[in-house]
Amino acid sequence: MGADLDKATIAKAYARWAPVYDLVFGAVFEHGRNAAIAAAERIGGRILEVGVGTGLSLPDYGRQNRLIGVDISEPMLRKAQERVAAERLTHVDGLTVMDAAGLAFPDGAFDVVVAQYVITAVPQPEATLDEFARVLKDGGEIVLVNHIGAETGLRRAFEAWFAPVARRLGWRPEFPWARLSRWAERRDDVCLIERRPMPPLGHFSLIRFGKQAAGAARAARLA
Ligand SMILES: C[S@@+](CC[C@H](N)C(=O)[O-])C[C@H]1O[C@@H](n2cnc3c(N)ncnc32)[C@H](O)[C@@H]1O
């Protein structure tokens, strides 16, 4: 495997993506985005979108929710700010440049944390998920949509071969499901609620983790 992702590479990659991102990824990721929003809105309330990018998903949230978006890429976020102004998205309370692995919010600040096409692109996925869990209330959910690497076969071989090129684009195509499932198993307050295949080609997944009071998830697993 080539060098892993680092913050500078990601910021550089998304500065390049920003002008064309909506054109390239707007339609192709739409199904996953809609599923993530539907999952988030089942809980609703204060929602944090991490890696909000150009803000493609923001107009689709119901106006009864309060949204905050963060992203490490200033050029991507600028597009999101333009969208909020142009479409008068009054349910968006703020858009801020911030690293997902160091969220400047207090513990338990949000009902839902949503990260669409982000968790496999951050340098430290497990530490980043710990941050998501920290800023989430008990009873809240982490909602992810992401490409998950194949475990066997031709697709696995292709993803491993493509990985070094993908790093420069800001992706980890071979990211294994085990990293996410092991992260949840290590915590005593998080459980996997759902993993559902998503288009394109079912290579993407909608993933929901629930946060409970400390100890509750481990007790449920042992019962
Ligand atoms: C593939 S884009 C997804 C954008 C948006 N969520 C969507 O669905 O269109 C990944 C986004 O994650 C952001 N990102 C990557 N690493 C990050 C980090 N460590 N902290 C915050 N945002 C990050 C990128 O800047 C980019 O905007």
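Residues numbered from 1 in each chain as written. Predicted model: local features only at pLDDT ≥ 70, side-chain atom pairs only at ≥ 80, totals over all residues. Heavy atoms only, no water.

**Student:** Explain the overall build of the protein to me, and be specific about the residues and the numbers.
**Tutor:** Counting its secondary structure elements, the protein contains eight helices and seven strands. A compact globule built from 223 residues should have a C-alpha radius of gyration of about 17 Å, and the protein, at 17 Å, falls within 12% of that. For the protein, the spread of C-alpha atoms along the principal axes amounts to about 50 × 45 × 30 Å. Here the protein holds 223 residues, and 51% of them are scored as buried. The long-range fraction of contacts in the protein, counting pairs at least 24 apart against all pairs at least 6 apart in sequence, stands at 71%. Counting only carbon and sulfur atoms, one obtains 57% of the accessible surface of the protein, whose full area is about 10,200 Å². (Helix = DSSP H or I, 4+ residues; strand = E, 2+ residues; numbered from the N terminus. Rg over C-alpha atoms; globule rule 2.2 N^0.38 Å. Buried < 20%, exposed > 50% of the residue type's maximum accessible area, 1.4 Å probe, protein only. Contact = heavy atoms within 4.5 Å. Areas by Shrake-Rupley, 256 points an atom, 1.4 Å probe, with all protein chains shown as cover.)

**Student:** Help me get a handle on the site of the ligand, residues and values and all.
**Tutor:** Neighbouring residues of the ligand: 18 residues in total, closest Y21, G51, D71, A100 and Q116. With respect to the ligand, the side chain of R33 contributes an N or O atom lying 2.9 Å from an oxygen atom. Between the ligand and G51 there is a distance of 2.7 Å, counted from a nitrogen atom to a backbone nitrogen or oxygen. Isolated, the ligand exposes 600 Å² of accessible area, and the fraction of that covered by the protein chains is 98%. Of the residues contributing to the shell around the ligand, the split by class is eleven nonpolar, four polar and three charged. (Near = heavy atom within 4 Å. Polar contact = N/O pair within 3.5 Å; in protein donor to acceptor, adjacent residues only side chain to side chain. Nonpolar A, V, L, I, M, F, W, Y, C, P; charged D, E, K, R; others polar.)

**Student:** Lay out the packing of aromatic side chains in plain terms, naming residues and giving numbers.
**Tutor:** Tallied over the full model, the rule gives ten aromatic pairs. A ring pair is formed by F29 and Y117, whose centres lie 3.8 Å apart and whose planes are at 10°; its orientation type is stacked. Here F29, found in the loop between α2 (21–25) and α3 (30–43), pairs with Y117, found in the loop between β4 (110–116) and α5 (125–134); they are 88 residues apart in sequence, far enough to count as distant. Seen from their ring centres, F29 and F204 are 5.4 Å apart, and the 55° between their planes marks the pair as tilted. Here F29 is found in the loop between α2 and α3, whereas its partner F204 is found in strand β7 (residues 204–211), with 175 residues between them in sequence. On the accessibility criterion, F29 (11% relative accessible area) is buried. Grouped by ring-pair contacts, the aromatic residues W17, Y21, F25, F29, Y117 and F204 constitute a single cluster. Against the face of W177 rests R195, its NZ or CZ located 4.5 Å from the ring centre. (Phe/Tyr/Trp six-rings, centres within 6.5 Å; stacked < 30°, edge-to-face > 60°. Lys NZ or Arg CZ within 6 Å of the ring centre and 35° of its normal.)

**Student:** So what about a nonpolar patch on the surface? Which residues, and what values?
**Tutor:** A contiguous nonpolar surface patch, about 290 Å² in accessible area, is contributed by V20, L23 and V24. Position of V20 among the secondary structure elements: in the loop between α1 (7–17) and α2. A relative accessible area of 37% means that V20 is categorised as partly exposed. (Patch = residues over 30% accessible without salt bridge, like charges linked within 9 Å, V, L, I, M, F, W, Y side chains within 5 Å. Salt bridge = Lys/Arg side-chain N within 4 Å of Asp/Glu carboxyl O.)

**Student:** How would you explain the pattern of salt bridges if you had to name every residue and give the values?
**Tutor:** Counting across every chain of the model gives 15 salt bridges. Among the salt bridges present, the one from K137 reaches D111, with a minimum N-O distance of 3.1 Å. In this pair, K137 is assigned in strand β5 (residues 136–147) and D111 in strand β4, connecting sequence segments 26 residues apart. Using a relative accessible area of 33% as the deciding quantity, one classes K137 as partly exposed. Given a relative accessible area of 18%, D111 falls into the buried group.

**Student:** Break down α1 for me, citing the residues and quoting the values.
**Tutor:** Along α1, the positions that sit buried rather than exposed are I10, A13, Y14 and W17. Seen end-on, α1 carries its buried residues on one side only, within an arc spanning 90°. The outward face of α1, more than 90 degrees from its buried face, is lined by the exposed residues A8 and K12. Where α1 is buried, its residues meet α2, α4 (74–86) and α6 (153–169). By the N-cap criterion, in which a side-chain oxygen at the helix start approaches the backbone nitrogen of a residue two or three places on, α1 is capped by D6, the distance to A8 being 3.1 Å. (Arc of directions from axis to C-beta.)

Scope: geometric values only; no functional claims are made or implied.
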